[in-house]
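This is what each chain is made of:
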Amino acid sequence: MSTSPRRPHPRVARYPSLPDDTVLWEPSERWVRATKGATTVVDSRRPVLFWEPGVPVPLYAFPEADVRTDLLRPAAEPPSGRRHPGATAFHDLVVAGGTTPNAAWTPPGPDLAGYLAFEWFGRSALDHWYEEETEIFVHPRDPHKRVDALPSSRHVQVAIGGTTVAETRTPVLLFETRLPVRYYFPRDDVRLDLLTPTDHVTRCPYKGLATDYWSWTGPGDVPPNVAWSYPAPLPAAHEITGMIAFYNEFVDLTVDEQPLQRPVTYFTTLNRAS
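Remember, predicted model here, so these are calculated numbers, not experimental data.

K.L.:
Can you explain the overall build of the protein? Please cite residues and give values.
P.N.:
Assigned secondary structure in the protein consists of one helix and 24 strands. Burial statistics for the protein: of 274 residues in total, 45% are counted as buried. Considering only residue pairs separated by 6 or more positions, the protein has 52% of its internal contacts joining residues 24 or more positions apart. Accessible surface for the protein amounts to roughly 14400 Å². Of this, 52% is attributable to carbon and sulfur atoms.

Next comes the structure, spelled out in structure tokens:
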């Protein structure tokens, strides 16, 4: 075991997205389907996973023959700004008399010519997505990403504005590729009297449905929904069931008496804008 002194954390830890000028893709052998209402819009056994420039999570693209292209129309008003940079065409989806603007687009690059991608994230164009017989949420799961939830005996503390909000010696550490470690606390080790429950709900393709969120009630520049819990996470993350985590980006974390610097991640901007 090394006896050298512990090196300090960098002043600001950054967790980068993919390059801003690169489209990455790879074939997938998963059977993928997507529905709008009672209509199956996508049914493909030969999808492609691709990563848009600067975006850290993948999307699916499908051969046009595996898509109900009869339900697509040229977009009446293509989106503005940098949404899906490089897309060569946008399409509205018309199902049962209803129209979803810019539901699909043609990804950039000659390798993906003849493929169609669909809107996910907060603007999901379709109601349900399935890999084989399993429903998936938010975005496809990245085959190059791991999520490991490991029980620990580290001494972990969370403070906000100088007030200790949580402290434990029995945390679960959740390691997720390209994200900072998330420290999950037993509920009994969290000062819930300093937090206010909210009705915020999120989904994670790796952990499941987070239905319990809390906001900080004290002074300071802390965005809402700074803490969360998964009452019934997916099996891969069952160790965090009912435990509470905080955004490292907005609180002061101390692990084994060593203060951690606040990381800069995708969530730094997302939560400030919400």
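Once you've had a look at it, read on.
K.L.:
Any chance you could break down the environment of Y213 for me, citing the residues and the numbers?
P.N.:
Here Y213 is to be found in strand β20 (residues 212-216). A sequence separation of 18 residues divides Y213 from L195, and the C-alpha atoms of the two residues are 9.4 Å apart. Other than its neighbours up to four places away in sequence, Y213 contacts T196, P197, T198, H200, V201, T202, N225, A227, W228 and Y247. Among the polar contacts listed, one links the side chain of Y213 to the side chain of T202, at a separation of 2.7 Å.

K.L.:
Run through the pairing of β20, naming residues and quoting values.
P.N.:
With respect to burial, β20 is a largely interior element, four of its five residues being buried. Strand direction decides the pairing type here: strand β17 (residues 195-198) and β20, joined by four bridges, are antiparallel. If you follow T198 over to β20, its bridge partner there is Y213. Here β20 pairs with strand β21 (residues 227-229) via three bridges, running antiparallel. The residue bridging D212 from the neighbouring strand is S229, located in β21.

K.L.:
Go over the packing of aromatic side chains, please, and point to the residues and values.
P.N.:
For the coordinates displayed, the defined rule picks out nine aromatic pairs. For the pair Y184 and W228, a centre-to-centre distance of 6.2 Å together with 85° between the ring planes defines the contact as edge-to-face. Here W228 lies in strand β21 and Y184 lies in strand β16 (residues 182-185), a separation of 44 residues in the sequence. By the burial criterion, Y184 is buried, and W228 matches it. Between F185 and F246, the aromatic rings sit 6.0 Å apart at their centres with planes inclined by 85°, giving edge-to-face as the arrangement. Residue F185 is found in strand β16, and its partner F246 is found in strand β22 (residues 244-246); the two are separated by 61 residues along the sequence. There is no split in this pair, since F185 and F246 are both buried. Among the aromatic residues, ring-to-ring pairing joins Y60, F62, F118, W120 and W129 into one connected group. The cationic tip of R33 hangs over the ring face of W31; the distance from NZ or CZ to the ring centre is 4.0 Å.

K.L.:
Describe the pattern of salt bridges, listing the residues and the values that go with them.
P.N.:
This structure, assessed with the given rule, holds 15 salt bridges. Of the charged contacts in the structure, one is a salt bridge between E133 and R33, with a shortest N-O distance of 3.4 Å. Residue E133 is located in the loop between β10 (128-131) and β11 (134-136), and its partner R33 is located in strand β2 (residues 32-36); the two are separated by 100 residues in the primary sequence. Overall, R33 belongs to the buried group, its relative accessible area being 16%. Of the charged contacts in the structure, one is a salt bridge between R262 and D252, with a shortest N-O distance of 3.1 Å. Residue R262 is found in the loop between β24 (258-259) and α1 (266-273), and its partner D252 is found in strand β23 (residues 252-255); the two are separated by 10 residues along the sequence. Judged by relative accessible area, which is 34%, R262 ranks as partly exposed.

K.L.:
So, the pairing of β16: which residues are in play, and what are the values?
P.N.:
Neither face of β16 is open: one carries R182 and Y184, the other Y183 and F185, and all of them are buried. Pairing geometry for strand β15 (residues 172-176) and β16, over three bridges, is antiparallel. Following the sheet pairing, V172 is matched in β16 by Y184.

K.L.:
Break down the nonpolar core for me, citing the residues and quoting the values.
P.N.:
In this structure, Y183, Y184 and F246 are the most contacted members of the largest nonpolar core, which totals 42 residues. V42, F62, V67 and A103 belong to the second largest nonpolar core, which has 31 residues in total.

K.L.:
Tell me about the sheet that holds β24, residues and numbers included.
P.N.:
Sheets are built from strands paired through backbone hydrogen bonds, the pairs being either parallel or antiparallel. Read across the open sheet, the four strands follow the order β14-β13-β23-β24; overall the sheet is antiparallel. If you trace the sheet from one side to the other, it starts and ends with β14 (163-168) and β24, each paired once. Where strand β13 (residues 156-160) meets β23, four bridges bridge the pair, whose relative direction is antiparallel. Its bridge partner lying in β23, Q157 is registered against T254.

What counts, and where the lines are drawn
Residues numbered from 1 in each chain as written. Predicted model: local features only at pLDDT ≥ 70, side-chain atom pairs only at ≥ 80, totals over all residues. Heavy atoms only, no water. Helix = DSSP H or I, 4+ residues; strand = E, 2+ residues; numbered from the N terminus. Buried < 20%, exposed > 50% of the residue type's maximum accessible area, 1.4 Å probe, protein only. Contact = heavy atoms within 4.5 Å. Areas by Shrake-Rupley, 256 points an atom, 1.4 Å probe, with all protein chains shown as cover. Polar contact = N/O pair within 3.5 Å; in protein donor to acceptor, adjacent residues only side chain to side chain. Pairing = 2+ DSSP bridges. Phe/Tyr/Trp six-rings, centres within 6.5 Å; stacked < 30°, edge-to-face > 60°. Lys NZ or Arg CZ within 6 Å of the ring centre and 35° of its normal. Salt bridge = Lys/Arg side-chain N within 4 Å of Asp/Glu carboxyl O. Core = buried A, V, L, I, M, F, W, Y, C linked by side-chain atoms within 4.5 Å.

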